[in-house]
Structure formats: C-alpha cells, structure tokens
Amino acid sequence: MPVFVFPTSQLLWVRVAALIFTCVAFSVAAHEGPPRGSMADWCIFCWAFSFACTLLVLLVEQCGLQARTPVSWTNFPITIACYAALFCLSASIIFPLFYIKDQYLSGDARAQRIVSTVFSCLAAVAYMGEVSLTKARPGEVAGYMATAPGLLKVCQTFVACIIFILVSHPVLYNQHPALEWCMAVYCICFILSMAVVVLCVGECTGCLPIPFSKFLSAYGLLAVIMYLSATIIWPVFQFDKRRSSYNKSDLITVAVLTALNFLLYLADLVYTARLVFVTA
C-alpha cells in the first residue's frame, strides 16, 4: 500500500510553488469565461498541462511509485519541468500581448488577466528553478534528459512547434520549392528530436539497431546541415517585394526562430561530440 512521505527538500517546495502558480494562472483566466481565440486556448493549455504534469510528478514521488511507472523516472520529471518552463514562458509573453492591451476591457477583467500573467511568470521562474536543481552536474551520473543535450532537445522541439504555428496561419511555405524544403527541414528535425525525447523517457534507447551515441552524432550533424540551409534559404526567398502581401512580422519571426534552432542544434552537436569522443 503506498505510503505518503513529505520530505522538506528544496525541490519539493519548488514543485509545490509551480503547482500553485499554474493553478492560479488558469483559474483566474477562466473565471467568468476565458478570453476567446486560439492564443487564449494555447495559454490555458500551457497552464493546465503544466499543472496536471506537476501534480502527477508530486503524487508519484510522494507515494513512492517511481519504480512502478512505465517511464524512466531519471528522465521524466526534468523533461516535464523543461517543457513546462517553456510553455509558461510563452504564455507569459503571449497572454498580455493579445489580451491585456484590449481597450474595451473592463477594470475587473483587465485585473484578472494581469493576475494570470503575473502568476504565469512566477510559474515559469519556478520551473526554471526545478530544471536548475535537477539538471546533471559535472561528473554526476544522470539520465540523458538531465544533460545539456537532453535539455537542448526539448528546446529544439518547442521552437519547432512555434515555427509550425507561424507558417501555417496563413500558409507561408507553398510559394516555392525552396520554402517547402524549409518546411521539410522543420518537420524532419522535429520528428527526430521528439523521437529522442520519447526513447529516453520510455527507456527504449536500446531498441535502436545502432548505438545510441552514434545515432545522436549522425543525427546532430545532419540536423545542423539541414538547419543551416533553412537559415539561409528562408530569408532569401521570403523577403521579396513580390510577396509583400504576407505579414512581414511573421516572416521575420520564423527567420529568427530558424536561426535560433540552428544555434541550438549546433550547441547540441558540440555537447554530443564531447560526450561521445572526449569520454571515449
């Protein structure tokens, strides 16, 4: 029978704080009906997902059920914390930009949305603190997702998701085969990075036909080359006067995020090379 234990660790209180902050953020935003729109839905999802996953982690750890879970508990909590930090950070930026500056808001509605934003920021800080507490230290034996390459995989998939949202409404990549190649780069690299995350969290890295370290090195090099091409091609074919009907801010944002993901993949490759070759 599960026995509840309540250690007074710093990590426990950081998680409890994140749980409370996300609960307040989406509860206040949803009070008397949440704001309408896809961006509001995204923010509510970010807070609700983070709350639910943090509650799951707390319940499993306080009940001592880590060994009975079908996932790697050395990888799962920090993966959730990293995604939750990015989700809450994005919601903290998006929610005030889209839903606080509305001049037709009543005083109470504006105050509620400001409260949601503040608690979203606090939740993002709490999750960043959790990642800082649980990430691997030099010389420490830890799960792959607690290392720098593992955390970079989470950032890569998150940035790719933002790119997908921007290029899909409206569709920005169907005007030229070169832009379709950029979309292929985003999709292929996202799928492979997410596959690495799933393999690590599910403890399935041994199912690959080649050693996991070699797979990471080959994939990392391929992703860097592909993203380098997309970083060059996207602005060359999009920043054209003949396509002035497109929202330039979306085009610029996608170009910046593409360059950002290129740098993330490059850093990932460097860290992976150090782990593979320096330790060999």
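Fair warning: this is a prediction, and the values are worked out from it, not measured in the lab.

About the thresholds
- Residues numbered from 1 in each chain as written.
- Predicted model: local features only at pLDDT ≥ 70, side-chain atom pairs only at ≥ 80, totals over all residues.
- Heavy atoms only, no water.
- Phe/Tyr/Trp six-rings, centres within 6.5 Å; stacked < 30°, edge-to-face > 60°.
- Helix = DSSP H or I, 4+ residues; strand = E, 2+ residues; numbered from the N terminus.
- Buried < 20%, exposed > 50% of the residue type's maximum accessible area, 1.4 Å probe, protein only.
- 1 Å grid on protein atoms, 1.4 Å probe; cavity = no way out; pocket = protein on both sides within 12 Å on 5 of 7 lines; lining within 4 Å.
- Points joined across faces, edges and corners; volume = space filled by probe spheres on them.
- Expected span 1.5 Å × (residues − 1).
- Contact = heavy atoms within 4.5 Å.
- pLDDT = per-residue confidence, 0-100.

Considering all chains together, one arrives at 18 aromatic pairs under this definition. Between W42 and F45, the aromatic rings sit 5.8 Å apart at their centres with planes inclined by 35 degrees, giving tilted as the arrangement. Of this pair, W42 and F45 both sit in helix 2 (residues 38–62), three residues apart, which is roughly one turn of the helix. Residue class for F45 comes out partly exposed when judged on its relative accessible area of 40%.

This part is about the layout of surface pockets. If you add up the space inside the largest pocket, you get close to 680 Å³. As for the largest pocket, its lining consists of 23 residues, and the residues nearest its centre are I94, I162, L166, T253 and L257. Listed by contribution, the elements that provide at least two residues to the lining of the largest pocket are helix 2, helix 3 (76–99), helix 5 (148–168) and helix 8 (248–278). Counting residues per element, the lining of the largest pocket draws most heavily on helix 8, which supplies seven residues.

By the element assignment, V270 lies in helix 8. You can call V270 partly exposed: its relative accessible area is 47%. Once the C-alpha coordinates of V270 and L221 are considered, the two residues, 49 residues apart in sequence, prove to be 9.6 Å apart.

What follows concerns helix 1 (residues 10–30). Under the 1.5 Å per step criterion, the end-to-end length of helix 1 is 30 Å for 21 residues, consistent within 8% with the ideal 30 Å. Burial in helix 1 covers these residues: L12, V14, R15, A18, L19, F21, T22, A25, V28 and A29. On the buried face of helix 1, the contacting elements are helix 2, helix 3 and helix 4 (107–134).

Turning our eyes to something else, we now look at the confidence of the model for the protein. Considering every residue of the protein, the mean pLDDT works out to 86; 88% of them sit at 70 or more. The spread of mean pLDDT over the elements of the protein runs between helix 8, the lowest at 87, and helix 6 (residues 177–201), the highest at 94.

Another aspect to go through is the environment of L133. Here L133 is to be found in helix 4. Note on L133: relative accessible area 34%, which makes it partly exposed. Expressed as a C-alpha distance, the spacing of L133 and L11, which sit 122 residues apart in the sequence, is 6.9 Å.

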